[in-house]
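Now for the letters of each chain:
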Amino acid sequence: MTGAFVVKGYEGKHTCESVWKLKTLTAPFLTQKFLDEFRDNMKMDLQTFANKVQREYNMCPDRWKLGRARKDALTIIHGDEAAQINQLWDYGQELRRSNPGSKFFLTCNKVKVGDKTEDHLATLYWSYDALKRGFLRGCRPLICVDGCHIKTRYKGQLLTAVGIDPNDCIYPIAFGLVEVECTNSWEWFLTTLRDDLNITNTSPWTIISDKQKGLIKAVTKVFPDAEHRFCVRHLYQNFQKAGHKGEVLKNNLWAIARSTCVPKWQHNMDKMKAASQQAYEWVEELVPNTWIKAFFSDFSKCDMLLNNHSEVFNSYILQAREMVILSMLETIFYKLMLRVESKQAEAEKWPGTICPKIKKKLDKFTEWSVACRVKCAGNGLYHVESNEIEISYVVDLPGRCCDCKRWQLSGIPCYHAIACCRSNMTAPENLVHSCYSIKSYREAYGYNLTPLRGRAFWEKMNGVKVYPPLFTKVMGRPKKNRRKAPEEKMKNGAKHLTKHGVSMHCSICGNSDHNKKGHDKYIASVQVEQDETMQPEDEFFDDPSYIQERAHFPPTRTHGPLPQESSFVQSARDSIPAATVRITTASSRGNLRGRGRGRTSRAHVPDDGQQATRGRGKCTRKRRSDASASTTEVVDGDIIRGRGRATRRASYNTGTWSAHYMLSRDDEQQRAAIPDLNAFVPVHNGEEEEVVVTQNAPDQEDR
């Protein structure tokens, strides 16, 4: 037999000495031996890995070898990130094939490298059809937006839009991946989200966010008539940075934010003024309808003061954010798929008509109602007295309102109304708003996500090769932990000082931002910059590349077109609020101020209760002759001005960006393939029309 050998004799005793370091114990050897254990625990630290190697082979390899072995094992499990970015075309096609109606938009940035031009990943937007339908069918018109960091080599920011389900839990809607957070990136994400949800009238909607860079301007532009609320916890951080510290001022600030009616708000403002005149003046400058319950709109049936739902979802996908991009997308998809299925199973076991968390709140209010004294006035009207700063309230059970405004804000009867129910022998559950019902909950989770096929079955789109985002390696270990606020760094009442913010200096040249070790690299970079300034500028690239889909696969499961309007908004059309008027605390004195230019002119509040609103635009009267004309109307002697042009920009004119879109159309539209161009066009009434699939990506600068 060729290549075989026979053992003639075997001596079990060895006379050679044992050694503790073998050349055969290499990083590739450890990678193959412990690959399955890394599949089970991908967050295994090096110390645990070293203990496993010691128990198995009685050896202690150094940390550098263990680190290389772990890195190679994770690369085998997740794949190479650069190769996965180039597979996004195939993933987007598979997502739309298995879940028709889902959107997946990919944009690139053209970069000249040497003699060739490369397309580097710039932005990414995706959403799932089942979640969008459920959000429009069973959730309130409220969206929480936030951004979090991608903890991989190429970094980036993950923008998320999260709703609230009928049980007051998180409900993910859409996601976006950008390089940095700025005004243009948020404007791009919110515009795509608005068009994706078919939102045409923004006045019924409420946006909750932190004060991220550029987010306020983007919300004002994309959702001009929506109510924009800020997270009070981040507002308190700004309050502290302004020099207003202490437990008393903190409690007063939160008491003002929790005030649900004007008398309570005025009482808490007086307490803040008595504690600190400077803190009172700082609070008075804030816009009240962005953080005080007493000035919130009651249409969305939500009285939240925090952006916790976005924070919870960011923690929910924390493990996925540490993976390479394609593994991250798949992990998020399957986590949400399992979540929808588990929510459907939970709803089948719930008794009653309202969701459990709402029932728990109702029980708490029922306990508080024991201190209320009720006097019936007939026709469903009651006079309720309580021990709250000597205030009495009028409750209207048929109208479902109370002077404390808690009932109107949340849609859940307050304890004053529950005291009236006790006097009237009425079940409080019957007065809870329908948006908290189990029926609405089942409608929200009534659509399932269809699993994706394995990568070997994905259709090859053969799109333009996409390179990873431009990466600049920085000194030190990559940061993975969240930056904590100053008050979170306190330990046992003492603040630990660090060298954060201290600029290093080179001991050779004395310049900042580098040390002795990086002196040669710094000198080389300065020389390169000087050489580049002597050369003519590179060619200006602004020609977009058109990447279009291949042949269309018939969907496996379709639910028809996406609803044109939220069910909540449709059922409450008569109570949709008018265009939002931005006010300050001066509203309590009868002065309303508009945004933008012309703040010195104040609108007078008529005696009949009507408010004169002023917005942006010219003072001249124009007729609405076309869609792009500004409007000016006169109502009861008061001028109501429009916001200018009604048309939407087709693209952002923000520099040398080009977009490669993986565009998804409505399921009813037919598609015809063009073999020569490897693309498709929709067929409308027998005529072929080319689809433009380009869009300028956002600029990185915060303008």
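Rules and cut-offs
- Residues numbered from 1 in each chain as written.
- Predicted model: local features only at pLDDT ≥ 70, side-chain atom pairs only at ≥ 80, totals over all residues.
- Heavy atoms only, no water.
- Helix = DSSP H or I, 4+ residues; strand = E, 2+ residues; numbered from the N terminus.
- Buried < 20%, exposed > 50% of the residue type's maximum accessible area, 1.4 Å probe, protein only.
- Contact = heavy atoms within 4.5 Å.
- Areas by Shrake-Rupley, 256 points an atom, 1.4 Å probe, with all protein chains shown as cover.
- Core = buried A, V, L, I, M, F, W, Y, C linked by side-chain atoms within 4.5 Å.
- Phe/Tyr/Trp six-rings, centres within 6.5 Å; stacked < 30°, edge-to-face > 60°.
- Lys NZ or Arg CZ within 6 Å of the ring centre and 35° of its normal.
- Pairing = 2+ DSSP bridges.
- Salt bridge = Lys/Arg side-chain N within 4 Å of Asp/Glu carboxyl O.
- Polar contact = N/O pair within 3.5 Å; in protein donor to acceptor, adjacent residues only side chain to side chain.
- Axes fitted to C-alpha atoms, helices over the stretch in contact; angles between N-to-C directions.
- Left-handed = near helix turned anticlockwise from the far one by under 90°.
- Nonpolar A, V, L, I, M, F, W, Y, C, P; charged D, E, K, R; others polar.
- Patch = residues over 30% accessible without salt bridge, like charges linked within 9 Å, V, L, I, M, F, W, Y side chains within 5 Å.

Student: Please explain the overall build of the protein as it appears in this structure.
Tutor: When its secondary structure is counted, the protein shows 22 helices and 21 strands. Per-residue burial over the protein gives 45% buried out of 703 residues. For the protein, the proportion of contacts with a sequence separation of at least 24, taken over those separated by at least 6, is 68%. Summing over all exposed atoms, the protein offers an accessible surface of approximately 39,400 Å²; the carbon and sulfur share of this is 50%.

Student: Explain the nonpolar core here, please?
Tutor: Generally speaking, a soluble globular protein has its nonpolar side chains buried in company with each other. Tyr91, Trp126, Tyr128 and Ile143 are the most contacted members of the largest nonpolar core, which has 105 residues in total. Here this core takes ten residues from helix H16 (residues 325-349), the largest share from any one element. Counting 23 residues, the second largest nonpolar core, distinct from the first, contains Tyr236, Leu249, Ala294 and Leu305.

Student: Please clarify how the packing of aromatic side chains should be interpreted in this entry.
Tutor: Each aromatic ring pair is specified by the distance between its two centres and by the angle formed by the two planes. Summed over the entire model, instances satisfying the criterion amount to 24 aromatic pairs. Look at Trp368 and Tyr415: their rings are 5.8 Å apart centre to centre, the planes differ by 80°, and that puts the pair in the edge-to-face class. With a gap of 47 residues between them, Trp368 in helix H17 (residues 356-368) and Tyr415 in helix H19 (residues 415-424) connect regions that are remote in the sequence. By relative accessible area, Trp368 is classed as partly exposed at 43%. Taken together, Trp126, Tyr128, Phe175, Phe313, Tyr316, Phe333 and Tyr334 form an aromatic cluster joined through their ring pairs. A cation sits over an aromatic face here: Arg229 above Phe296, 4.0 Å from the ring centre.

Student: What is the right way to look at the pairing of strand S8 (residues 373-378) in this model?
Tutor: Taken residue by residue, a regular strand's side chains alternate between the two faces of the sheet. Note: S8 against strand S9 (residues 381-385), five bridges, orientation antiparallel. Looking at S9, one finds that Lys375 is bridged to His383.

Student: Help me understand the pattern of salt bridges in this model?
Tutor: Within the structure shown, the criterion is met by 20 salt bridges. A salt bridge links Glu385 to Lys375; its shortest N-O distance comes to 3.8 Å. With a gap of ten residues between them, Glu385 in strand S9 and Lys375 in strand S8 connect regions that are remote in the sequence. Its relative accessible area of 27% is what places Glu385 among the partly exposed residues. One continuous salt-bridge network, built from bridges that share partners, spans Glu94, Arg97 and Arg453.

Student: Just checking my understanding: could you explain the side chain of Ser203 for this structure?
Tutor: Inspection of the secondary structure puts Ser203 in the loop between helix H8 (183-196) and strand S6 (206-209). With relative accessibility at 8%, the residue Ser203 sits in the buried group. A distance of 2.9 Å separates the side chain of Ser203 from the side chain of Asn201, its partner in a polar contact. Beyond its immediate chain neighbours, meaning those up to four positions away, Ser203 contacts Asp225, Ala226, Ile576, Pro577 and Ala578.

Student: What is the right way to read the side chain of Gln84 from this model?
Tutor: Looking at the secondary structure, you find Gln84 in helix H5 (residues 81-86). A distance of 3.0 Å separates a polar atom in the side chain of Gln84 from the backbone nitrogen of Leu326. Within the structure, Gln84 has its side chain in polar contact with the backbone nitrogen of Ser327 (distance 3.2 Å). Aside from chain neighbours lying at most four places away, what touches Gln84 is His78, Gly79, Val324, Ile325, Leu326, Ser327 and Arg455.

Student: What should I look at first to understand the sheet that holds S9 in this one?
Tutor: The strands making up a sheet are joined through hydrogen bonds of the backbone, oriented either antiparallel or parallel. An order of S8-S9-S10-S11 is seen for the four strands of this open sheet, with the pairing classed as antiparallel. Unpaired on one side and paired on the other, S8 and strand S11 (401-402) mark the two borders of the sheet. Across the face of the sheet, H19 comes into contact with S8, S9, strand S10 (392-396) and S11 while running at roughly 120° to S9.

Student: Would you mind going over the packing of H8 against helix H9 (residues 215-222) with me for this structure?
Tutor: The relative placement of two packed helices comes down to the angle between their axes together with the axis-to-axis distance. Contact geometry of H8 with H9 gives a least axis separation of 8 Å together with a crossing angle of 35°. Handedness of the crossing formed by H8 with H9: right-handed. On the side of H8, the interface is formed by Thr183, Trp186, Glu187, Leu190, Thr191 and Arg194, while H9 contributes Leu215, Lys217, Ala218, Val219, Lys221 and Val222. When the residues that make up the contact of H8 with H9 are grouped by side-chain class, the tally is six nonpolar, two polar and four charged.

Student: What am I meant to see in a nonpolar patch on the surface here?
Tutor: Taken together, Phe5, Val7 and Tyr10 make up a surface patch of nonpolar side chains, about 460 Å² in accessible area. Along the polypeptide, Val7 turns up in the segment before helix H1 (27-33).

Student: In this structure, what is going on with the environment of Leu193? I would like to understand it.
Tutor: Relative to the elements of secondary structure, Leu193 occurs in helix H8. Sequence spacing of Leu193 and Val222 is 29 residues, and the spatial spacing of their C-alpha atoms is 9.9 Å.

Student: What should I look at first to understand the environment of Lys221 in this one?
Tutor: Tracing the backbone through its elements, the reader meets Lys221 in helix H9. Residue classification places Lys221 among the partly exposed residues on the basis of a relative accessible area of 45%. Between the alpha carbons of Lys221 and Leu190 there is a distance of 9.5 Å; along the sequence they are 31 residues apart. Here Glu187 takes part through its side chain, which lies 3.1 Å from a polar atom of the side chain of Lys221.

Student: Can you help me understand H19 in this one?
Tutor: For H19, the tally of buried residues reaches seven of ten residues, placing the bulk of the element in the interior. Among the residues of H19, those classed as buried are Tyr415, His416, Ala417, Ile418, Ala419, Cys420 and Cys421.

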